[in-house]
Amino acid sequence: VTMMSSAVAARKAATRLPFSKQWLSIRHSSARAASASLTTVEGDDSHMHNGWAASLLAIAAATTVTTVIGTTTATPTLAEAREDIEEEEESTRILNWSGTHHVDLAPGTYHEPETQLELEALVADAYRKGQHIRPVGSALSPNGLAFDSRGMVCLSNLDKIVEINKDEMTVTVQAGARVSQVLDALRPHGLTLPNLASIAEQQIGGFVSVGAHGTGALIPPCDEFVTALTIVTPSENGVVKMTEATHGQLFRLARLGLGGLGILSEVTLKVIPAHRLVEQTSVLSRSEAKKQLPTLLKRHKHIRYMWVPYEDCA
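Residues numbered from 1 in each chain as written. Predicted model: local features only at pLDDT ≥ 70, side-chain atom pairs only at ≥ 80, totals over all residues. Heavy atoms only, no water.

**Observations regarding the pattern of salt bridges**
Phase 1 of the analysis: For the structure on display, the rule yields nine salt bridges.
Phase 2 of the analysis: Residue arginine 255 pairs with glutamate 224 through a salt bridge whose shortest N-O separation is 3.6 Å. Within this pair, whereas arginine 255 is found in the loop between helix H7 (249-254) and strand E14 (263-270), its partner glutamate 224 is found in the loop between helix H5 (204-209) and strand E12 (226-232), the two being separated by 31 residues in sequence.
Phase 3 of the analysis: Look at the salt bridges and you will find they share partners, linking Asp125, Arg128 and Lys129 into a network. (Salt bridge = Lys/Arg side-chain N within 4 Å of Asp/Glu carboxyl O. Helix = DSSP H or I, 4+ residues; strand = E, 2+ residues; numbered from the N terminus.)

**Some details on the side chain of threonine 233**
Phase 1 of the analysis: By the secondary structure assignment, threonine 233 is in the loop between E12 and strand E13 (239-243).
Phase 2 of the analysis: With relative accessibility at 13%, the residue threonine 233 sits in the buried group.
Phase 3 of the analysis: Within the structure, the side chain of threonine 233 is placed 2.8 Å from the side chain of serine 235, a separation counted as a polar contact.
Phase 4 of the analysis: Looking at threonine 233, its side chain comes within polar contact range of the main-chain oxygen of glycine 238, at 2.6 Å.
Phase 5 of the analysis: If sequence neighbours within four positions are ignored, threonine 233 has contacts with Val123, Gly238, Val240, Leu261 and Gly262. (Buried < 20%, exposed > 50% of the residue type's maximum accessible area, 1.4 Å probe, protein only. Polar contact = N/O pair within 3.5 Å; in protein donor to acceptor, adjacent residues only side chain to side chain. Contact = heavy atoms within 4.5 Å.)

**Topic: the environment of serine 235**
Phase 1 of the analysis: For serine 235, the location among the structural elements is in the loop between E12 and E13.
Phase 2 of the analysis: Given a relative accessible area of 28%, serine 235 falls into the partly exposed group.
Phase 3 of the analysis: Residues serine 235 and glycine 262, 27 residues apart in the sequence, show an inter-C-alpha distance of 8.8 Å.

**Quick look at the pairing of E14**
Phase 1 of the analysis: Among the eight residues in E14, seven count as buried, and that is most of the element.
Phase 2 of the analysis: Bridge count for strand E10 (residues 170-174) against E14 is five bridges, and the pairing is antiparallel. By the bridge assignment, threonine 170 is partnered in E14 with lysine 270.
Phase 3 of the analysis: Bridge count for E12 against E14 is six bridges, and the pairing is antiparallel. (Pairing = 2+ DSSP bridges.)

**Some thoughts on helix H8 (residues 286-299)**
Phase 1 of the analysis: In this model H8 runs 19 Å from its N-terminal to its C-terminal C-alpha over 14 residues, within 8% of the 20 Å that 1.5 Å per residue would give.
Phase 2 of the analysis: The largest bend in H8 amounts to roughly 55 degrees and is located at leucine 293, with the proline proline 294 lying one to four residues further along. (Expected span 1.5 Å × (residues − 1). Bend = angle between axes of the 7 residues up to and from the residue.)

**What about unusual backbone geometry?**
Phase 1 of the analysis: You will see that methionine 169, though not glycine, has its phi angle at about 55 degrees, which is positive.
Phase 2 of the analysis: The topology assignment puts methionine 169 in the loop between strand E9 (161-165) and E10.

**Let's talk about the pairing of E13**
Phase 1 of the analysis: Judged from the five bridges that link them, E12 and E13 form a sheet pairing that is antiparallel. Of the residues in E13, the one forming a bridge with valine 232 is valine 239.
Phase 2 of the analysis: In this structure, the hairpin formed by E12 and E13 is closed by a connection of six residues, where glycine 238 is found at a positive phi of approximately 65 degrees.

**Section: the side chain of glutamate 118**
Phase 1 of the analysis: Tracing the sequence through the fold places glutamate 118 in helix H3 (residues 116-129).
Phase 2 of the analysis: One buried charged side chain, glutamate 118, makes no salt bridge at all; its nearest oppositely charged neighbour is lysine 160, positioned 11 Å away.
Phase 3 of the analysis: Only 3.4 Å separates the side chain of glutamate 118 from the backbone nitrogen of glutamate 114, close enough to count as a polar contact. (Lys, Arg positive; Asp, Glu negative; His and termini not counted.)

**Some points on a nonpolar patch on the surface**
Phase 1 of the analysis: On the surface, Leu250, Leu253 and Leu261 cluster together into a nonpolar patch covering about 270 Å² of accessible area.
Phase 2 of the analysis: With respect to the helices and strands, leucine 250 occurs in helix H7.
Phase 3 of the analysis: Classification of leucine 250 by relative accessible area gives partly exposed; the value is 46%. (Patch = residues over 30% accessible without salt bridge, like charges linked within 9 Å, V, L, I, M, F, W, Y side chains within 5 Å. Areas by Shrake-Rupley, 256 points an atom, 1.4 Å probe, with all protein chains shown as cover.)

**Description of the sheet that holds strand E8 (residues 152-154)**
Phase 1 of the analysis: The strand order across the open sheet built from three strands is E6-E8-E7, with neighbouring strands paired in parallel fashion. Strand pairing shows two members of the sheet lacking a second neighbour, strand E6 (110-111) and strand E7 (134-136), which therefore form its edges.
Phase 2 of the analysis: Here E7 pairs with E8 via three bridges, running parallel. Each residue of the ladder has a partner; that of valine 136, found in E8, is cysteine 154.

Printed below as a string of structure tokens:
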């Protein structure tokens, strides 16, 4: 149930970048970045205001491979990956999409690894030195859960669609892949994700690990659709591949770990057949909206209210 006045919509549009832009705003301070001091990285929005605060998910191999997407490139050594980490010399400011929180990071404390090996080296190096490192997705959240001035990592470069398995009805992706990318890859196969919103620019890692819940009363939160994951841990165990069969309750905790147990690098999700939705928009008074809520929740797969400020309507 959606209604927004043009004046309210105009004010809302003025407070953020257009959908075609990325809402994770990153400002670098260095000579190398002087010509482009403000860049935008893949960001996301969704009516699941759960903050993609923590990033990053993962994979355990599916039993049958039906479609493999992407190419293989030469993999650097662990030593080379560590050298790349140490070469970072920029200070960085990260602003969330709504502009309510920002964080300043000293040179060498904000990272965007480009390979799985580089991510592993980054986490291992932080563990060895006793340094803090916090995963962040697209910084959609209106809170600052994923912001940590001591160190942060974003997986926006790790965004491959690894496998679409129509036999198992699963898709495996790197944690930095945006929901929109996953949907585009699934569409030619007549598949889609079980839970999504009208805006789909959130990274899968954050989308899942914060338990984004959507707008339907009977639709489980997104972490419930995870069947396997790979997590890069700050421990002697290093990279751990997990499923419910192999790790039980620990797997359920890891898929909703908010970045606190390690950095999710790949995730396998259940998919469903693609389908169409019919959207109905109406205007109700606040009292009517409250009274009709139980009925509307039973009648519709999805429902949302948008209150019109200074008006007795939604």
